[in-house]
Every structure is written in C-alpha cells, then in structure tokens.
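Next come the chains, spelled out residue by residue.
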Amino acid sequence: MLRIETFSLGPLQTNAYLLRGEDENRAIIIDPGMNPGPLLRRIEGLEIEAILLTHAHFDHIGGVDEIRKLKNCPVYLHALESDWLTTPKLNGSLMWPQIGGPMALEPAEYELAEGQKLHLIDHEFTVYHTPGHSPGSVSFLCGKDLFSGDVLFRMGVGRTDLPGGREVDLYNSIRGKLFQFADDVIVYSGHGPKTTIGYERVNNPYLT
C-alpha cells in the first residue's frame, strides 16, 4: 500500500507529495516546492530514496537542492528539461521576481523517459511523458495512484502560455494517455485537491 502525504508549499500552494511503502522509514518525494519547511520537518529521520519531478517550473523545484543535500538523494527529471534546473530563464523563476529570486540548481542525476519503470520504496512507478504544460512534463502511475503535475487538475487543465507550452500537446496528453486509465485511478495534481480519472472524464469543462 502506498502512503501519501500532501504538503501545499510556497506562494503558489504547490503540492509536494511524500510517499512511503510498507517500510515507514523509507520515502520518496514528488515536486518539493518553495518554502519547504513543513516538508523538511516531516522527513527528519526518514531515508529519502529519490526526488521525482513532474516538470521543472520554479514553484515545483524550490526545495530540491535543500532536500538533496540534506538527504543525499538523486533527482529524476525528463530529458527535455535537463537544463531547466540550472537556468532561471527556463524554469520561470525570472518571470515573477516578487515571488522569489532566480533559481539555479544542480542538474538532475537521472533522466526520465516515456515508459520507464522506477522501482522505489518497494513499489513500481511508470513514467508517462505528458507534454503540453511544459515540454518535459511527466506523470507517474503507481497502481491506482497518478501524480499528474500541472497537466490535469480537478475541473481544470494546465496552462499552456508559459515557454514551451503547447495546447494541442496538453489535450493529446490528457485524452491520449491519462484518459486511457480506469475511472477509479486517483489523480494527485500539482495544485488543488485530488480527483479521479472518471470524474474528470465526465465533469471537467475543458475536456467534455
């Protein structure tokens, strides 16, 4: 059983997810955002096996280096955004100076690709390349739990007006990949509450 804890971090209330399996002392983190204090306090005493990034926009990566150095854990990111962590112009941290300063982080240790299987915390996570919000956006599926980043939200979809965004790709990602999953798959988004594939298939005003 996958144990999931959610932390809404930073000025944009970005969802960071702390995932544990049967061994409560081992965990992974998906998208550690800005101002990660609550998450840092929670992982004291835990072994963090990896940080998985759905994409490399600034509000999803703010806590990466602090956690990586503290826990000596690798970071996984899609190859198309391999230089976004190191480049403030690409990760968007230059666009809203009132939110925070430029972010230039260390590169990710590992690249993600479509169909890749990650074996972490005694679970298997399948990587789905779901571009549109950004070129390297990915979603992670573990059993009936889907971590969609900023691709699919409850009653919403990701914005496509940022650099590298493309509306046609976003809708292809959702309809062609995410909507192929069963109705009872639970969607954990990058912002806002969780939902299900079945609920969004029927009710999402952008997709019906």
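Each value, and the rule that gives it
Throughout, a residue's number is its position along its own chain's written sequence, starting from 1. Residues qualify for local features only when their pLDDT is at least 70, as the model is predicted, and side-chain atom pairs are given and counted only at 80 or more; totals for whole chains, interfaces and linings, by contrast, use all residues. Based on all heavy atoms of the structure, the side-chain values leave hydrogens and waters out of the count. Only buried residues count toward a nonpolar core, which is a set of Ala, Val, Leu, Ile, Met, Phe, Trp, Tyr and Cys residues joined through side-chain atoms within 4.5 Å. Relative accessibility decides the category of a residue: with a 1.4 Å probe and only protein chains considered, values under 20% of the type maximum give buried, values over 50% give exposed, and everything between is partly exposed. Counting from the N terminus, the helices are the DSSP runs of H or I reaching at least four residues and the strands are the DSSP runs of E reaching at least two. Residue contacts follow a heavy-atom distance rule, with two residues in contact if any of their heavy atoms lie within 4.5 Å. Two strands qualify as a pair provided DSSP detects at least 2 bridges between them. Under the rule applied, a polar contact is a pair of N or O atoms within 3.5 Å (in protein, one hydrogen donor and one hydrogen acceptor; residues adjacent in sequence only if both atoms are side-chain atoms). Only the stretch in contact is used when a helix axis is fitted, and all axes are lines through C-alpha atoms; the angle between N-to-C directions ranges over 0 to 180 degrees.

Trainee: Which parts of the structure should I look at to understand the nonpolar core?
Mentor: It is characteristic of soluble globular proteins that their nonpolar side chains tend to be buried jointly. With 26 residues, the main nonpolar core has L18, L39 and I43 as its most contacted residues. Secondary-structure elements contributing two or more residues to this core are β1 (3-9), β2 (14-20), β3 (26-30), α1 (37-42), β4 (47-52), α2 (58-61), α3 (64-71) and β5 (75-78). Those residues within four positions of L39 in sequence are excluded, and the remaining contacts are F7, L9, A16, L18, I29, P32 and I67.

Trainee: What am I meant to see in the pairing of strand β13 (residues 186-189) here?
Mentor: Taken residue by residue, a regular strand's side chains alternate between the two faces of the sheet. Pairing analysis gives 4 bridges linking strand β10 (residues 145-149) to β13, with the strands arranged parallel. Residue G149 lies in a different strand from β13, and its bridge partner there is S189. Alignment of β13 against strand β14 (residues 195-196), held across 2 bridges, turns out to be antiparallel. Considered in β14, the bridge of I186 is made with T196. Taking the residues between adjacent antiparallel strands as the criterion, β13 and β14 are bridged by 5 residues, where G192 takes a positive phi near 80°.

Trainee: Just to check I follow, could you spell out the environment of S93 for this structure?
Mentor: Along the chain, the position of S93 falls in the loop between α4 (88-91) and β6 (110-112). Note: C-alpha distance between S93 and H57 (36 residues apart in sequence) is 7.7 Å. Ignoring sequence-local partners within four residues, the contact set of S93 consists of F58, P88, G100, G101, P102 and M103. A distance of 2.8 Å separates a polar side-chain atom of S93 from the backbone nitrogen of M103.

Trainee: Explanation requested: the sheet that holds β4 in the structure shown.
Mentor: Strands in a sheet are paired, the pairing made by backbone hydrogen bonds, and the direction either parallel or antiparallel. Spatially, 6 strands are ordered β1-β2-β3-β4-β5-β6 in an open sheet, and the strand pairing comes out mixed. Of all strands in the sheet, those bounded by a partner on one side alone are β1 and β6. Strand-to-strand, the axes of this sheet are offset by a mean angle of 25°, without reference to chain direction. Pairing between β1 and β2: 7 bridges, direction antiparallel. Counted as the bridge partner of I4 is L19 from β2.

Trainee: Which parts of the structure should I look at to understand the side chain of R26?
Mentor: By the element assignment, R26 lies in strand β3. Owing to a relative accessible area of 18%, R26 belongs among the buried residues under this scheme. One polar contact links R26 to E49, side chain to side chain, over a distance of 2.6 Å. Contact partners of R26, with chain neighbours within four places excluded, come to L19, R20, G21, E47, E49, I121 and D122.

Trainee: Quick question: what am I supposed to make of the pairing of β2 here?
Mentor: Burial within β2 is extensive, with 7 of its 7 residues counted as buried. Judged by which residues are buried, β2 turns out to be covered on both faces: T14, A16, L18 and R20 on one side and N15, Y17 and L19 on the other are all buried. Adjacent in sequence and paired antiparallel, β1 and β2 are bridged by 4 residues, among which G10 carries a positive phi angle near 75°. With 4 bridges connecting them, β2 and β3 associate as antiparallel partners. When the sheet's bridge partners are listed, Y17 is paired in β3 with I30. The antiparallel pairing of β2 with β3 creates a hairpin that spans 5 residues between the two strands.

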